[in-house]
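# A structural walkthrough
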Number of protein chains: 2
Amino acid sequence: MKIGELAMRTGCRVVTIRYYEREGLLPEPERSEANYRLYGETHVERLAFIRHCRALDMTLDEIRALLACHDDPEGTCHRADVLIDEHLTHVKARIAQLQALEDTLVALRARCQGQRSAAECGILNALAQPPRDAALNEDAEHVPGTHPRR
Amino acid sequence: MKIGELAMRTGCRVVTIRYYEREGLLPEPERSEANYRLYGETHVERLAFIRHCRALDMTLDEIRALLACHDDPEGTCHRADVLIDEHLTHVKARIAQLQALEDTLVALRARCQGQRSAAECGILNALAQPPRDAALNEDAEHVPGTHPRR
DNA sequence: ACACACCCTATAGTCTGTATAGGGTCAAGC
DNA sequence: GCTTGACCCTATACAGACTATAGGGTGTGT
């Protein structure tokens, strides 16, 4: 099948498939006479694996490591276990950070109901003050990813 | 004060301060004879405002909008209110996504205790299957940001 | 013969910074 | 006077995980 069909069957964009190939996650497929990429079922499976991992928010490096496990069925899967554990730890930490952030935003939002001028606005004034609690501390690690890119 | 002192007082890196200036978030300061940037207290306050907003995971565009409110004390703060509300909605949605993700990862992790070969590993096999539940669905929006960049 | 959907490569842009190269300034110590 | 080291400057490239664009080739239907 051509790249468009692979894209449809995996829910992955065409450009993204080419990107994964450049990144070494997908093997280079055969080409037609017209230099079109030609894929088989093994490519569908491998790309589904990758998208599956991406849906779990793994990095391409993590996926590379999992694919290496997968490609070595004689080896142990210990590496895969550890990777999932570490990833789970990241996700949990991220949730805790975001919940602290949510609490701070709720408190901030309660400071103004929009009826006053900007000079009197509790929100703008609170933001101008040096941060007080943990979530507002300059030392707190920045928490990225609230705004999905697309 | 010079840029290094501003950086120390705000917990912001020197290169990041210059970046904010290029992005138009910080006004261009005066320069010394040797072409060094020279800052005053207003810069400290403005940079603290920015870092405060960044700690709340706002984008630079959002911060630009808040600064515009802040710079127009005669105007209404309604725009600031709406912005915080929208941001809060983003954060809440992100928490829900990550919690679904966590559940899926916990279930995945339970499939293998590392004692078997990769070919028999429940984790690798599950990842090779087409996704079943919501968090693993190809249609699910990708959830970025678990891995803080630094 | 032409339109149109699909394919190709190469390059640049997104966002929020970080890293590097290659240089200038200034105070302290020898 | 000279060197050392900490600090400052600009410009450019890089990070991740793609997306967008330009400029072209291929294949099918009317």
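A few points on the structure. (Residues numbered from 1 in each chain as written. Chains lettered and ligands numbered in written order. Predicted model: local features only at pLDDT ≥ 70, side-chain atom pairs only at ≥ 80, totals over all residues. Heavy atoms only, no water.)

Taken together, 18 residues form the shell around DNA strand D, and within it A:T16, A:Y19, A:R54, B:G4 and B:R18 come nearest. Of everything in DNA strand D that lies within 4 Å of the protein, sugar and phosphate atoms constitute 82%. In this structure, B:R18 approaches DNA strand D through a side-chain N or O atom, which is 2.4 Å from a phosphate oxygen. Backbone polar atom of B:R37 to a phosphate oxygen of DNA strand D: 2.8 Å apart, as the coordinates give it. Contributing elements (two or more residues each) for the surface near DNA strand D: helix 2 (14-22) and helix 3 (41-55) of chain A together with helix 1 (3-10) of chain B. Among the elements that make up the surface near DNA strand D, the one with the highest residue count is helix 2 of chain A (three residues). Residues of the surface near DNA strand D, tallied by class, amount to seven nonpolar, four polar and seven charged. (Near = heavy atom within 4 Å. Polar contact = N/O pair within 3.5 Å; in protein donor to acceptor, adjacent residues only side chain to side chain. Helix = DSSP H or I, 4+ residues; strand = E, 2+ residues; numbered from the N terminus. Nonpolar A, V, L, I, M, F, W, Y, C, P; charged D, E, K, R; others polar.)

What follows deals with helix 4 (residues 60-70) of chain B. Restricting attention to buried positions, one finds in helix 4 of chain B the residues B:L60, B:E62, B:I63, B:L66, B:L67 and B:C69. Buried residues of helix 4 of chain B, viewed axially, fall in a sector of 165°; they line one side. Residues of helix 4 of chain B that are buried in the fold lie against helix 6 (122-128) of chain A together with helix 2 (14-22), helix 3 (41-55) and helix 5 (78-109) of chain B. (Buried < 20%, exposed > 50% of the residue type's maximum accessible area, 1.4 Å probe, protein only. Arc of directions from axis to C-beta. Contact = heavy atoms within 4.5 Å.)

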